[in-house]
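For reference, the chains in residue letters:
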Amino acid sequence: MYKKHVIYKSDKYNMLTVEVQGKTLVIREISDQWGEQGYQFISRPEMLHWAENRFRAEDFVGREDERQAILDNFRNV
């Protein structure tokens, strides 16, 4: 059984989860705009690097707390 972490979930069509599958980290990003996308990482630093590039500070101007909460959830995986 894999351990699943919810990074964010606004509804059933907009969410991001991380599954820990042994040494592999599998990210599933579901959006009403793009459908489902998946990413696999073999290390936490690699995943955190992706997350910081995916959730860039310039995309969250005025919503810095939201970005910080998302990145904190990634760090807690």
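Predicted, not measured: the structure shown is a model, and the values here were computed from it.

Just give me the short version of the pairing of strand β2 (residues 14-21), but keep the residues and values in it.
Burial analysis of β2 places six of its eight residues in the buried class, which makes it a mostly covered element. In this structure, strand β1 (residues 3-11) lies alongside β2, joined through seven bridges in antiparallel fashion. Its bridge partner lying in β2, tyrosine 8 is registered against leucine 16. Hairpin connection of β1 to β2: two residues between the antiparallel strands. Inspection of the sheet shows β2 paired to strand β3 (residues 24-31) by seven bridges, in the antiparallel sense. Within β3, the residue paired with glutamine 21 across the bridge is threonine 24. The loop that links β2 with its antiparallel partner β3 comprises two residues; one of these, glycine 22, has a positive phi angle of about 65°.

An account of the nonpolar core is requested, with residue identities and associated values reported.
Core analysis: the biggest nonpolar cluster contains 16 residues, and Ile7, Leu16, Val18, Ile27, Met47, Trp50 and Phe74 have the highest contact counts within it. Examining the composition of this core, we find that four residues originate from one element, helix α1 (residues 44-54), more than from any other. Leave out the neighbours within four places in its chain, and valine 18 touches Lys3, Lys4, His5, Ile7, Leu25, Val26, Ile27, Met47, Phe74 and Val77.

Before we move on, can you summarise the environment of valine 77 with the specific residues and values?
Inspection of the secondary structure puts valine 77 in the segment after α2 (64-75). The spatial distance from the C-alpha of valine 77 to the C-alpha of methionine 47 is 10.0 Å, given a sequence separation of 30 residues. Excluding residues that lie within four positions of it along the chain, valine 77 makes contacts with His5, Ile7, Val18, Val20, Leu25, Arg44 and Met47.

Got a sec to walk through the packing of aromatic side chains? Specific residues and values, please.
Under the defined criterion, the tally for this structure stands at seven aromatic pairs. With a centroid separation of 5.8 Å and 45° between ring planes, the pair formed by phenylalanine 41 and tryptophan 50 is classed as tilted. With relative accessibility at 16%, the residue tryptophan 50 sits in the buried group. On the numbers, 6.5 Å between centres and 90° between planes, the contact of tryptophan 50 with phenylalanine 55 is edge-to-face. Accessibility assignment for this pair places tryptophan 50 and phenylalanine 55 in one class, buried. Ring pairs connect the aromatic residues Tyr8, Tyr39, Phe41, Trp50, Phe55, Phe60 and Phe74, which therefore count as one cluster. One cation-aromatic arrangement involves arginine 54 over phenylalanine 55; the distance from NZ or CZ to the ring centre is 4.6 Å.

Analysis parameters
- Residues numbered from 1 in each chain as written.
- Predicted model: local features only at pLDDT ≥ 70, side-chain atom pairs only at ≥ 80, totals over all residues.
- Heavy atoms only, no water.
- Buried < 20%, exposed > 50% of the residue type's maximum accessible area, 1.4 Å probe, protein only.
- Helix = DSSP H or I, 4+ residues; strand = E, 2+ residues; numbered from the N terminus.
- Pairing = 2+ DSSP bridges.
- Core = buried A, V, L, I, M, F, W, Y, C linked by side-chain atoms within 4.5 Å.
- Contact = heavy atoms within 4.5 Å.
- Phe/Tyr/Trp six-rings, centres within 6.5 Å; stacked < 30°, edge-to-face > 60°.
- Lys NZ or Arg CZ within 6 Å of the ring centre and 35° of its normal.

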